[in-house]
Amino acid sequence: MTRVVEVPAHFDDRSFDSFAEGFGEWPPEPKLLFDARATQWASPYGLIGLLTAGQALAEAGREKPLLTVPTSDEVKRYWARAGFFQQAAELFELHGKVPRATTTGPSDVLLDVTPVRASEDVHSVVDKISEGASRILHGELGLEMKATLRFSMALSEACQNIVEHAGTSGWVAVQAYTFRRRLGRRVVVIAVSDSGVGFRRSLESTHAKRFGERWGDGAALEAALIQGVSRFRDPGRGQGLAFIKRFLDQWEGKISIRSGTARLSIVPSWDEDAPLTERLAYFPGSQVQIIIPAQQAERP
Amino acid sequence: MIQTIRIGHLLREAVAAPYRNLVTRPTGAAVRSRIEETLAGSRCLTALLDFSEIELVDLSCADEVVAKLLLAGPGACFFVLQGLREDQHEAIDHVLTHHRLAVAAVPPDKGEPRLLGWVPSDAREAFACICDRGPLGVADLARAMGWLETRSRDALRSLAAHRLVRPIGEVYHPLPTA
């Protein structure tokens, strides 16, 4: 028996929850077919979320899932350009014609879909991003020059969370695009996802007792993002997310983290997301999204 | 005696690649242990950690390299950072403030040292005064700042406890940077 999981037509952090509902019990018993034929657009979060699903199924010992690629040539070309198919080929049995990735000049894809398996990968990701980040953040989004360093730091810390806490590998992608529906401005988006133990299990042995009956995915996210706790006893730990949160406040940026059955967001004024959403459909590991919008010119 | 330690050189050794970004905890820990090895074989009084070949210092490395060297306790050596650009201060400042530590940073143009991290505000003013005027005693600082001597003494003791000045007898000396 094969179960079909629909890939949403507009696949981003918002539609991700309906995507996660498609799995039923985790890990799903039947073979899965991810149907992306009708998908018209996918954010970096969507793309690496899909890869995470494939990875989690492999780690759970399930049969290699099928993935029917988008029908739209434009969408397929974009997914290829973002490096999605190259990574997906190892995790899915791909059905449909896959175009070759082509690069022509500067692109909105600041960082292809890139695996993060070890600290060396974080070095390589930070190295790759620096030139393009300056062009987009300063040139297009109007952020101060030092934003490039902050951005690279945020990227580094978010990727290190995989290496340090997930217990498995993960993915990162960075892209600039226009956030038409929610904001009407250009944004840069960092998406980081892994299929690892998630925040609750990572923090359980050191912090669950303090929360008592409240302990769960949501409380674990609060502990990490709001209180800056870490599973390590080293007092220098847990500063990465706090730092990211601080500079996102200055730039009206947004961070949201989904782990297990909960999602916690620091919500800027332009967004209507709920700060904490619990009892979502379970999805393995952790998914982080950081959005940095173009700065609005100050009114005289 | 001053020993200059080129962090860029240690980074390349640690990662065996020509990276200019000081990122990740394992890399930071490897760089720190190389600094400690270098200092173990040295009789220097001040170690100048030279960041001029470094592009980015992330929080993990700021913690692993700078904070942990300072947290290791009052060894024989004073630390001064050198060659950090203004935009590179943020991670180090953030991490040291978290630990209530501080370090002096000499800018690439060899201008006045700047304090990164946390010290009481009086100590910060006293540090600027010593950098400007040179070695000062409690009474000298009190006169210069218009403070009572008790206030001046507390500020200087705080700077000495953070290893930001070197007390010799009753006089507090700025750390040598050249």
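The residue numbering used here restarts from 1 in each chain and proceeds along that chain's sequence as written. To read the labels, note that chains go from A and ligands from 1, taken in the order they are written. Under the rules for a predicted model, residues below a pLDDT of 70 receive no local features and side-chain atom pairs below 80 are neither given nor counted, while totals for whole chains, interfaces and linings still include all residues.

A. Representation of helix H5 (residues 121-133) of chain B. Residues and elements named next belong to chain B. A run of H or I in DSSP counts as a helix once it spans at least four residues, and a run of E counts as a strand once it spans at least two, with each numbered from the N terminus. The span you would expect from a helix comes to 1.5 Å times its residue count less one. Here H5 is 13 residues long and its end C-alpha atoms lie 18 Å apart, about the 18 Å a rise of 1.5 Å per residue gives. Among the residues of H5, those classed as buried are Ala-123, Ala-126, Phe-127 and Ile-130. One side of H5 carries all its buried residues, which in axial view fall inside an arc of 105 degrees. In H5, the exposed positions that point more than 90 degrees away from the buried face belong to Ser-121, Asp-132 and Arg-133. Residues are scored as being in contact if the C-beta atoms we place from backbone atoms lie within 7 Å. Against the buried residues of H5 lie strand E7 (114-117), strand E8 (136-137), helix H6 (138-145), helix H7 (149-161), strand E9 (165-168) and strand E10 (171-174). Count one or two residues on from H5 and you reach Gly-134, which has phi positive near 90 degrees. Backbone-placed C-beta atoms define the burial measure: a residue is buried with 20 or more other C-beta atoms within 10 Å of its own, exposed with 12 or fewer, and partly exposed in between. For this quantity, the arc is that covered by the directions from the helix axis to the C-beta atoms.

B. View of the pairing of strand E7 (residues 109-116) of chain A. Residues and elements named next belong to chain A. Judged by how many residues are buried, E7 sits mostly within the fold: 6 of 8 residues are covered. As defined by bridge partners, E7 adjoins strand E8 (residues 170-179) across 5 bridges and the pair is classed as antiparallel. Note on E8: the bridge partner recorded for Thr-114 is Val-172. Pairing between two strands is assigned when DSSP locates at least 2 bridges connecting them.

C. Quick peek at the sheet that holds E8(B). All names here are of chain B. Read across the sheet, 3 strands follow the order E8-E10-E9 without closing on themselves; strand pairing throughout is antiparallel. The outermost strands of the open sheet, each flanked by one partner alone, are E8 and E9. Where E8 meets E10, 2 bridges bridge the pair, whose relative direction is antiparallel. Bridge assignment links Leu-136 to a residue of E10, and that residue is Tyr-172.

D. Quick peek at the confidence of the model for chain A. Here pLDDT means the predictor's own confidence in every residue, given as a number from 0 to 100. Per-residue confidence for chain A averages 90 on the pLDDT scale, and 97% of its residues sit at or above 70. Between the elements of chain A, mean pLDDT differs from a low of 85, seen in helix H5 (residues 119-140) of chain A, to a high of 98, seen in strand E5 (residues 66-68) of chain A.

E. Quick peek at the interface of chain B and chain A. At the junction of the two partners, chain B supplies 21 residues and chain A supplies 18 residues. Of all the secondary-structure elements, those providing two or more residues to the side of chain B that touches chain A are helix H2 (25-40), helix H3 (59-71) and helix H4 (89-99) of chain B. In the side of chain B that touches chain A, the residues fall into 9 nonpolar, 8 polar and 4 charged. We call Asp, Glu, Lys and Arg charged. Ala, Val, Leu, Ile, Met, Phe, Trp, Tyr, Cys and Pro are nonpolar, and the rest, Gly among them, are polar.

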